[in-house]
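# Chain and residue survey
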Amino acid sequence: MSTATATRPHGFHARGAGTRPSLARLTKVELRKMTDTRAGFWLLLSLVGLTALVVVISALTGPALDHRFQPMLYNALQPGTVLLPIIGILLVTSEWSQRTAMITFALVPHRERVLAAKLLASVVLATVAFVATLAMAAVATAASASGVDGQWTLGAGLFGQMAFSTAISMLVGVGFGAALLLSAPAIVGFFAIPIAVSAATHVVHALRGVGQWIDQARTLPDLLDHSYSADEWAKAGVTLVVWLAVPLAIGAWRFTRGEVR
Amino acid sequence: MAMIESLGLTKRLGGRAVVQDVTFRCEPGTVTGFLGPNGAGKTTTMRMLCGLSRPDAGTASVLDGAYRDLPNPGRRVGILLDAGAQHGGRRGQEALGVSAQMMGVAAARVPELLELVGLDRRAARQRLRQYSLGMRQRLGLAHALLGDPEVLILDEPANGLDPEGMRWMRELLRDFADRGGTVLLSSHLLHEVEAVADQMVIIGGGRIVAAGTRAELLADAGTLVCATDAAALGTALSAAGLAARPHADGGYVVDAEPEEVGRIALAGGVALTRLGPSESAGLEQLFFDLTSGAPDAGPAAADLQEAVR
């Protein structure tokens, strides 16, 4: 029935077959996947373009006080709060909608490593985006040369919060993407659900107290505005459990166990 | 040593067993044809072998262990499960480049493989949504071969290839097996597999209905007989007490030796136009009988008609 021999097949030298791909390599692959598709390329280009547009407008308009580095950076980070989560969502959902998950998981059967690489890649991209934004805001600040006091003042705490917030916004996107696994519902959900929750906590009297803890619109945006107090951190932390940890936990379960078709 | 082994694999979806107790093995140096109509359970079985789907019962092993336990599976097992499962916005060469990076294969191998499967420079630069089905299949084969694997698991690789492409693929797989590699390829079309497979595993309605070499499967295939007057031939055969199944090309496949059938025709005064061992016709008939007789094969009847053509 067969022509099998007990010897090892010749002509096959399984070089590298014994070592699994490192997490660093998988992270590089995920960064590559963010940029090598048409959608990913245009999203990143839009991010750079919009950020540049924002700093130019900020530098040319408004009072001299707004031409200081801190408000300039605040403005420059805004496009990223919208676009980075979308990149994060698509990083996960495109594997399902384009069905590349079949290839990815066939090459890396331990799916939790793929998800870890996606999270790491998101942090790397967010960091690169933050540094680039920093540079653009600095150029605009220098160019506007307002000469007002504290033109370059930015507290280390606030600086850290800004970097943290940029990375977090992208990770929330990854969490939503993994929890829903479908591009359109994840993107719509990412923007609509927090607004709906925020509205509910304002309208429904019984929810007002909870709103202070879980309403993103109240607890997170000021991370870019001023250094947080302990109380503000507590509220931001609870908000992040609800909007980051929970979707990510659901997402991790679905990502690692879901059937890919 | 079995390079691929399916041991009692069972998968239930929505309360229905789409794959039930499927057992077979593939040895090094051989090509195994996994045959069955669409919806018979081929893809589900292959997905379980590659760890993409969890079996409800049974075990799947590739290279003497669970696929999941291979440290860098792309370097040992080449997989093509769905040529359409690629990002439409990615260029052909980039799709291979991403996977090459993932499994630690030199980027220089990408153009080599594109050339091997006959995708030219222009095709390599095209986005995948512009690819025809045949081009996707070629890219899928290049992808499966990228890591220089010793085992190939290919689901309907000939789908969308033109006759010349199909011949090219058969030669490629034959050569791969002759070098000691192991190939499992599925098809719903007998003729795609027949010429290259050392053994065939036929699945219908989620169950293995037959398995063996071509000769083994054909051992009892019977005699193909045709006559100018088919009805008279049928009457003569049934009068002689022989089971005769009508064949798609006209005439009958009879469970008897040609000599006996010839005598009956002579006695019945029927002029024969054809008489002999059924061979390929028998294999087609066998494939049809085996798979259509299986439970749950009803909805796939249309595919069966196509399958035996």
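Predicted model only: the values in this text are computed from it and were never measured.

Turning next to the nonpolar core. Counting residues in hydrophobic clusters, the biggest one holds 119 residues, and the most contacted among them are Ile87(A), Met102(A), Leu49(B), Cys50(B) and Ile153(B). In terms of domain composition, this core takes at least three residues from each of domain 1 (4-212) and domain 2 (218-307) of chain B. Setting aside residues up to four positions removed in sequence, Cys50(B) forms contacts with Ala106(A), Tyr67(B), Ile79(B), Leu81(B) and Ile153(B). If you look at the next biggest cluster of nonpolar residues, it comprises 14 residues, including Ala227(B), Leu233(B), Val253(B) and Val254(B).

With that out of the way, let us pick up the sheet that holds strand β12 (residues 252-254) of chain B. What links the strands of a sheet is backbone hydrogen bonding, and the strands pair in either a parallel or an antiparallel sense. Residue and element names in this part refer to chain B. One open sheet holds the four strands; their spatial order is β11-β12-β10-β13, and the pairing between them is antiparallel. A strand with exactly one partner marks an edge of an open sheet, and here the two such strands are β11 (244-246) and β13 (272-277). Taken pair by pair, the neighbouring strands of this sheet meet at an average axis angle of 20°, ignoring direction. Pairing between β11 and β12: three bridges, direction antiparallel. What sits directly across from Pro246, in β12, is Tyr252.

So, about the domain arrangement of chain B. Interfaces are often sized by the accessible area lost when the parts come together. Here chain B is partitioned into domain 1 (4-212) and domain 2 (218-307). Each of domain 1 of chain B and domain 2 of chain B has a C-alpha centre, and the two are 34 Å apart.

This brings us to the interface of chain B and chain A. In this assembly, 43 residues from chain B lie in contact with 40 residues from chain A. Ranked by residues supplied to the side of chain B that touches chain A, first place goes to helix α2 (residues 92-103) of chain B with six residues. Classifying every residue of the side of chain B that touches chain A gives 13 nonpolar, 18 polar and twelve charged.

Residues and elements named next belong to chain B. Here three strands make up an open sheet; going across it, the order is β2-β1-β4 and the pairing antiparallel. The open sheet has two edge strands with one neighbour each: β2 (16-26) and β4 (57-62). Neighbour-to-neighbour, the strand axes of the sheet open up by a mean angle of 20°, direction not taken into account. Both strand β1 (residues 4-13) and β4 contribute to a ladder of five bridges, which runs antiparallel. Within β4, the residue paired with Leu7 across the bridge is Thr59. Sheet strands touched by helix α1 (residues 42-49): β1, β2 and β4. Its angle to β1, the strand with the most contacts, is close to 120°.

What counts, and where the lines are drawn
- Residues numbered from 1 in each chain as written.
- Chains lettered and ligands numbered in written order.
- Predicted model: local features only at pLDDT ≥ 70, side-chain atom pairs only at ≥ 80, totals over all residues.
- Core = buried A, V, L, I, M, F, W, Y, C linked by C-beta atoms within 7 Å.
- Buried ≥ 20, exposed ≤ 12 C-beta atoms within 10 Å, placed from the backbone.
- Domains from an automatic or database assignment.
- Contact = placed C-beta atoms within 7 Å.
- Pairing = 2+ DSSP bridges.
- Helix = DSSP H or I, 4+ residues; strand = E, 2+ residues; numbered from the N terminus.
- Axes fitted to C-alpha atoms, helices over the stretch in contact; angles between N-to-C directions.
- Nonpolar A, V, L, I, M, F, W, Y, C, P; charged D, E, K, R; others polar.

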